Amino acid sequence: MLTEELDSKKICLFCASDYHLEMILLPYIKDKINDSKFVIFTQNNLEETVKKVLDRINIDNELKENIRKINWKNEDEIKFDYIKSDLKEEVNIIINGDYSYINNINKNLKNNINKINIIDCFHIGDLNVDIEEISKKYEYILNTRKI
């Protein structure tokens, strides 16, 4: 678990599908991609769905390429190794999966990043997700907004 000494934010979002998740995340990623790194922990490989979403939206091609360069695969060990490296910039960790997957990844994160934002992505179809209860535990909730 992260300590209070870190300059960090815990954020959540609620989505209906992987496509919906990506549409909610795109404006957030767009705002932060030039100033910070992104690490996506995902239970399901999102590479193909992200590609489809990016092919269908009207944003700058350079931004699309930068978003494509993010590792959208479910390669948790590689991502934990990357986080353990000596990162100097802000890191946005996005955790997408069922309730137990999100909790497991959060438990395994270490306190070795100076500035970290964790975005837990809950799917409303997951029977273990109680939106009202979960939203009380977060300071911020991401919603759909215009890119």
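Described below are features of the structure shown in this document. (Residues numbered from 1 in each chain as written. Predicted model: local features only at pLDDT ≥ 70, side-chain atom pairs only at ≥ 80, totals over all residues. Heavy atoms only, no water.)

Here the focus is the layout of surface pockets. Space inside the second largest pocket adds up to approximately 300 Å³. Surrounding the second largest pocket, 13 residues form its lining, Lys37, Phe38, Lys69, Ile70 and Tyr82 being those nearest its centre. Among the secondary structure elements, those contributing two or more residues to the lining of the second largest pocket are β2 (36–42) and α4 (76–84). A class-by-class count of the residues in the lining of the second largest pocket yields six nonpolar, three polar and four charged. (1 Å grid on protein atoms, 1.4 Å probe; cavity = no way out; pocket = protein on both sides within 12 Å on 5 of 7 lines; lining within 4 Å. Points joined across faces, edges and corners; volume = space filled by probe spheres on them. Helix = DSSP H or I, 4+ residues; strand = E, 2+ residues; numbered from the N terminus. Nonpolar A, V, L, I, M, F, W, Y, C, P; charged D, E, K, R; others polar.)

Turning to helix α3 (residues 61–68), its buried residues number three or more, namely Leu63, Lys64 and Ile67. Viewed along the axis of α3, the buried residues span an arc of 100°, placing them on a single side of the element. α3 presents Asn61 and Glu62 as exposed residues on the side facing more than 90 degrees away from its buried surface. Residues of α3 that are buried in the fold lie against α1 (18–32) and α2 (47–56). Residue Asp60 occupies the N-cap position of α3, its side-chain oxygen lying 3.0 Å from the main-chain nitrogen of Glu62. (Buried < 20%, exposed > 50% of the residue type's maximum accessible area, 1.4 Å probe, protein only. Arc of directions from axis to C-beta. Contact = heavy atoms within 4.5 Å. Polar contact = N/O pair within 3.5 Å; in protein donor to acceptor, adjacent residues only side chain to side chain.)

Another point: the environment of Arg68. In this fold, Arg68 is placed in helix α3. A C-alpha to C-alpha distance of 7.6 Å links Arg68 and Val50, two positions 18 residues apart in sequence. Filtering out sequence-adjacent residues up to four positions away, Arg68 remains in contact with Lys51, Leu54 and Asp55.

Our focus in this paragraph is the pairing of β2. Counting buried residues in β2 gives six out of seven residues, a clear majority hidden from the surface. Looking at chain direction, β2 and strand β3 (residues 90–97) are connected through seven bridges and run parallel. Pairing of Thr42 across the sheet is with Asn96, part of β3. (Pairing = 2+ DSSP bridges.)

Once that is clear, we can look at the pattern of salt bridges. Under the defined criterion, the tally for this structure stands at six salt bridges. The residue Arg68 makes a salt bridge to Asp55 at a minimum N-O spacing of 2.6 Å. Placement of Arg68 in helix α3 and of Asp55 in helix α2 is noted, with a sequence separation of 13 residues between them. Accessibility expressed as a relative area gives 45% for Asp55, which makes it partly exposed. Shared partners join several salt bridges into a network, and the residues in it are Lys51, Asp55, Glu65 and Arg68. (Salt bridge = Lys/Arg side-chain N within 4 Å of Asp/Glu carboxyl O.)

Structural measurements only, silent on function.
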